[in-house]
Each structure stands twice: as structure tokens, then as C-alpha cells.
Amino acid sequence: MVALVRTVAYLGLSARSVEVQCQIAPGLPRFAIVGLPDKAVGESRERVQSALSAMGLALPPKRITINLSPADLPKEGSHFDLPIALALLSAMGVCDAEQMADWIAVGELSLDGRIAVSPGVLLAALHASEQEAGLICPAPQGSEARWASGVPVLAAPDLVSLLNHLKGTQNLPEPPRGEVEVSPPATDLNRVKGQETAKRALEIAAAGGHNMLMNGPPGAGKSLLASCLPGILPELTPAEALEVSMVQSVAGNLEGGKISRARPFRAPHHSASMAALTGGGLKVRPGEVSLAHLGVLFLDELPEFQRPVLDSLRQPLETGSVDIARANAHVTFPARVQLIAAMNPCRCGHLGDPALACSRAPRCAADYQSKVSGPMLDRIDLHVEVEPVSAADLSLPPPAEGSAEVAARVAAARQRQTRRYGETGARSNAELDGDALDQFATPDEPGSALLRQAADTMRLSARAYTRMLRVARTIADLAGAEQVGRVHIAEALSYRRQAPRS
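All of these numbers come straight from a predicted model, not from anything done at the bench.

Conventions we followed
Residues numbered from 1 in each chain as written. Predicted model: local features only at pLDDT ≥ 70, side-chain atom pairs only at ≥ 80, totals over all residues. Heavy atoms only, no water. Helix = DSSP H or I, 4+ residues; strand = E, 2+ residues; numbered from the N terminus. Contact = heavy atoms within 4.5 Å. Lys, Arg positive; Asp, Glu negative; His and termini not counted. Charge placed at Lys NZ, Arg CZ, Asp CG, Glu CD. Salt bridge = Lys/Arg side-chain N within 4 Å of Asp/Glu carboxyl O. Buried < 20%, exposed > 50% of the residue type's maximum accessible area, 1.4 Å probe, protein only. Core = buried A, V, L, I, M, F, W, Y, C linked by side-chain atoms within 4.5 Å. Axes fitted to C-alpha atoms, helices over the stretch in contact; angles between N-to-C directions. Parallel < 35°, antiparallel > 145°, perpendicular 65-115°, else oblique. Left-handed = near helix turned anticlockwise from the far one by under 90°. Nonpolar A, V, L, I, M, F, W, Y, C, P; charged D, E, K, R; others polar. Phe/Tyr/Trp six-rings, centres within 6.5 Å; stacked < 30°, edge-to-face > 60°. Pairing = 2+ DSSP bridges. Expected span 1.5 Å × (residues − 1). Arc of directions from axis to C-beta.

This part is about the overall build of the protein. Secondary structure summary: the protein contains 21 helices and 20 strands in total. Its C-alpha atoms put the protein at 85 × 50 × 45 Å along the principal axes. Pairs at least 24 residues apart make up 74% of the contacts formed inside the protein by residues separated by at least 6 positions. Each charge sign in the protein was given a centre, from 49 positive and 53 negative side chains, and these centres are 4 Å apart.

Here we take up the pattern of salt bridges. According to the stated counting rule, one finds 24 salt bridges in the structure shown. When the shortest N-O distance is used, the salt bridge between Arg-409 and Glu-401 registers 2.8 Å. Under the relative-accessibility criterion, Arg-409 is labelled partly exposed at 30%. Note that Arg-473 is salt-bridged to Asp-477, the shortest N-O span being 3.1 Å. One end of the pair is Arg-473 and the other is Asp-477, both in helix α20 (residues 462-479) and four residues apart, which spans about a single turn. Each member of the pair, Arg-473 as well as Asp-477, carries the same accessibility label: buried. A cluster of three or more residues bridged by salt bridges with shared partners is formed by Glu-318, Asp-378, Arg-379, Asp-381, Arg-463, Arg-467 and Arg-496.

The next point concerns the nonpolar core. Residues Leu-82, Leu-86, Leu-135, Ile-136, Leu-159, Leu-162 and Leu-299 are the most contacted members of the largest nonpolar core, which totals 97 residues. Beyond its immediate sequence surroundings of up to four residues, Leu-159 is in contact with Ala-51, Leu-52, Met-55, Leu-82, Ala-85, Leu-86, Leu-89, Leu-109, Gly-113 and Ile-115.

With that settled, consider the packing of helix α3 (residues 81-92) against helix α6 (residues 159-167). A packed helix pair is summarised by two numbers, namely the angle formed by the two axes and the spacing between the axes. α6 packs onto α3 with a crossing angle of 50° between their chain directions and a minimal axis gap of 12 Å. With respect to their mutual orientation, α3 and α6 come out oblique. Crossing of α3 against α6: the hand is right-handed. In contact with Leu-82, Ala-85, Leu-86 and Leu-89 of α3, α6 contributes Leu-159, Leu-162 and Leu-163. Grouping the amino acids of the contact of α3 with α6 by side-chain chemistry returns seven nonpolar, no polar and no charged.

Moving on, we come to the packing of aromatic side chains. All told, the structure shown has two aromatic pairs when counted by the stated rule. Note on Tyr-421 and Phe-440: the rings are 5.3 Å apart at their centroids and 70° apart in plane angle, and the pair reads as edge-to-face. Taken together, the positions of Tyr-421 in the loop between α17 (403-420) and α18 (434-440) and Phe-440 in helix α18 put the pair 19 residues apart, joining distant regions of the chain. By the burial criterion, Tyr-421 is buried, and Phe-440 matches it.

Next up on the list: the sheet that holds strand β16 (residues 296-299). Taken in spatial order, the five strands line up as β13-β16-β19-β11-β20 in an open sheet, and their pairing is parallel. Each of the sheet's edge strands pairs with one partner strand only, and the pair in question is β13 (265-266) and β20 (382-385). Helix α7 (residues 196-208) contacts β11 (212-215), β19 (338-343) and β20 of the sheet and is inclined by roughly 165° relative to β20.

Residue Pro-70 follows Ser-69 across a cis peptide bond; omega there is 5°. Mapped onto the elements, Pro-70 comes out in the loop between β4 (63-69) and α3. In the Ramachandran plot, Leu-36 falls in the positive-phi region, its phi being about 60° despite a non-glycine side chain. Mapping Leu-36 onto the fold places it in the loop between β3 (30-34) and α1 (39-42). The residue Leu-294 is not glycine, and still its phi comes out positive at about 65°. Its place among the elements puts Leu-294 in the loop between α11 (288-291) and β16.

Between its first and last C-alpha atoms α17 spans 25 Å; for 18 residues at 1.5 Å apiece the expected length is 26 Å, and the two agree. Within α17, the full set of buried residues consists of Ser-403, Val-406, Ala-407, Val-410, Ala-413, Arg-414, Gln-417 and Arg-420. For α17, the buried positions fall inside an angular range of 145° around the axis, keeping them on one side. Summarising the geometry of α17, the exposed residues directed more than 90 degrees from the buried face are Ala-404 and Arg-419. On its buried side, α17 packs onto α7, α18 and α20.

Only one face of β4 is buried, namely the one carrying Ile-64, Ile-66 and Leu-68, since none of Arg-63, Thr-65, Asn-67 and Ser-69 on the opposite face is buried. Alignment of strand β2 (residues 14-25) against β4, held across seven bridges, turns out to be antiparallel. Bridge pairing in β4 places Val-20 opposite Leu-68. Here five bridges tie β3 to β4, and the two strands are oriented parallel to one another. Bridged to Phe-31 within β4 is Ile-64.

It is worth spelling out the packing of α7 against α20 at this point. Between α7 and α20, the least distance of the axes is 9 Å, while the angle of their chain directions is 100°. Relative to α20, the element α7 lies roughly perpendicular. Along the contact surface, α7 presents Arg-200, Glu-203, Ile-204, Ala-207 and Gly-208, while α20 presents Val-471, Thr-474, Ile-475 and Leu-478. For the contact of α7 with α20, the residue count by class is five nonpolar, two polar and two charged.

Another aspect to go through is helix α2 (residues 44-54). Listed as buried for α2 are Ser-44, Arg-47, Val-48, Ala-51 and Leu-52. Across the axial projection of α2, the buried residues extend over an arc of 125°, all falling on one side. At the exit of α2 stands Gly-56, carrying a positive phi of roughly 90°.

One can find Ser-110 in the loop between β6 (108-109) and β7 (115-116). Here Ser-110 is in contact with Arg-47, Ala-51 and Ala-116, once residues within four sequence places are set aside.

In C-alpha cells, the structure reads:
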């Protein structure tokens, strides 16, 4: 007899069906797991054996074979512990094998039989919904699994209580659905004194989802401006919140089943490796660019990042996804992010101040800024020079307009975009492309003439030309204009600089 229990293997944000097959046959005592398991799955033998021993059960002195089918699909992670244990218990006659056909099981086992948390439960629940099956998962993650509507969820704290529930001698309560997490308040824009140009550019970036680079001396307020962005961005829609939570679930960051409607804000240190930024590692996990999906990726001290690491972002910024290729797997993670970057004009940071600039100016500025490649700069829509703030500006009272007023204008502009692009699938102006760009962002004749002239003078690439149209469309939305005009093109061009070719 072969006992079967269903589970899943994770490939990016997709869950693939895996069948755990267990056979107990006569022969020398042996416990083997086959089917392309990784180190963590191979170690399940010890965890399962110890968990059963804690329940007072001993493995039969026979040849035990666990097959993970399909055999050519890589199996990674400790969540295979629970389905392996249930398949073994079914083969031993401890639990009903037919009853297990209605469930998909995921979870790690402790040596004392407790069912510990494992990443990816939300993906497993969504897969169970597609398969019209129930989900058996660790008790702390029951609330997470409940976000998949219509899925019976059996959240068990340990193997004993799970078996008692399946036999009808104990009733495990249905877990409540996870809560919507209240986001902490972001930095208010009224803390920023002066920097009117930078604040205007930040509003445009928020309204259209555009990438933005701030260039200025130390202490000018670049990091402060970036920290204000979450406070003016619109909340995630329910569908977007679920999409973001799927990434968080795979990364193991979804605590207590709480889903947040706030857009992610990730700010990795400039020492981050390529795998940390784009994803990868021995066990492929999403990187910072995927953890910031549908949110903000803030890169402070941009030239201090390793150039290959920065250039690895070029494809995700263009396509909205990151592909990680390995010898045994090809994984795709979503990476639709809004890049906000900050940098000093040179290594000393005081290029424009003769009293503070180093002796190598202006050569040091060219060397320092060349660390960021031209193609990378070409993917940034808004380039803003952030000037130093004077003592007179700092002594002024806080501005009357704060994040609430700016957020209202940003929300109104985003609502216009949602109504306009309902059939195209674009979420914001930054995602406009192809026919939709020609239909909705074509400027009037004076605007077209100005854009053509600027494209020749500034030697804009085709990508830069397209991005200028998107920014101009956003500026028009903030002004409530139906068509892009010359004034909108002019303002969009003022935030563009000619990137060095490489």
C-alpha cells in the first residue's frame, strides 16, 4: 500500500503541486526520501522520527520510502516535514489515508511534535483554493491562510491535536482571519523647510509612480524628503495588498497573518550584495527589489553601491519583474517598484562650495558620478538638484502645507489614472506603454514641438523620450488637464538631465 498526502513546492510566487508518497515494505530497516530533496528536506527524517517518538510511536522495522512527486521538481524548505509525517502515519494506519486526500499540508516539525511556522503559507492557501482542497498549516499561521477565501483551514499546534481532530476526538477551532495592520505614521512634509523644487518633484513622483534621483550636498534633506514619500502615497488596493503579502509570505516576513495596506518602503544599505538586492542565494528568496514590490525602493548614497549591483536593477526597473536563473530552477519574482535615490555631487559632497570643496574638484565629481552608469540614470524620470538649506530657512516656522494636503492631490491624480486606464491594466502613468501611451499622453502641437526640439538638443534616448511623456502626463493630471500641453512638457524637461553615455 502507498499512502498519499498533497503539499506544494514554491517557485517564485507560484505554488506547484507535490504528492508525498509513502511505502512501507518488507526489508532491512531504512528510511529514505527521494524526489530531488534539498538538505532541509533530507533532514526531515530526523525531525519526523523524533516527533513520532515524542508521541509514543516507533517506526516499523521495515524499509520506508518517501517519494516526492514529480521527481524532477526541486524540493526546498522545511514545510515538507508535516506532509511527510502524515503520509507515514497514513501508511502505518494511524490516520485515515482517504481523509487526507481532501487536504494540502505544509509545516515544519519540532522534535517534540509541535508544528512550527514555515514561509509561504499564504501561497499554499491560494493554491488549495484553486485545487478546491483544505489546508493544514501551523497554528500561528492560520490567520494568514484565512486570507484565501473559501479555503477550510486546519491550524494545528502539534501532531497529537491534529490527529485527534482528524479522528473526531478533539475539535480545533477555526482560526480568525488576519487583521489589517495599522501603519505607523510617516514623516510629515511640513518638517521639510525650503526645498520647494524637491517637494514639487516628490509630489509628481508620488502621483505618477515615477523614479526620482536627488543630488545635493550632505545635510540638504534628501533622506528626510525620501522618508516623507510613504505619507503621500495612496494606500494599496485590496488586490495589491494581497499581491504584496504573497511576497512577504514567501520571504517569511508576514507575522501573525497581518496584512498592511501601506506601500512597502525598503532602504537597503549600500553594502548590499546583488543577491540581497535582486534575490537569489542558495535557497532562492526575494531580494529588496521584490520586497518593495508596489512600493518604494530607496537607495541612499547611490554611487557607493557596487556598480554591478546597481546595474542588476536595470531589467527589473524596465520590466517590473526579476528573473533568477539557477542550474536547477528558474524563478521569477515581481518587482514593480518606484526607485528613489539620493547622492552627493562628489565624494566630499561640497562641489559647489569653494570654501569646503576638496582640491580635486571638479574632477572628483566626474569620477564619483561616473560610478552610476548612463543606462541606469536613463531609467530615472526625475533628476532634482537639492540645494543646501540656509540658517534663515531653518529658523522659519513649519510650512502651512503638509503631507495631508499633498496626499489629497496625489490621490486625486491617481483616481484620474485609474479611471483612464481601467481597460489597459496600467496602475499609474509610470506603467504607460505602447498604444496607451500614444492614446493618453500625446501632447498638443506646441507641446510636441517643444519635446522634439528638446529631444534633439538634449540628445534624449527613446527611453528618455517616453519617460518625459509619462512625467508630463502626471503633471497634467495634477493640474486637472485632459491633454498634455506645452507647460507640462516644459516642467517635465526641467527635471531631466542628459545622462552620460556608457
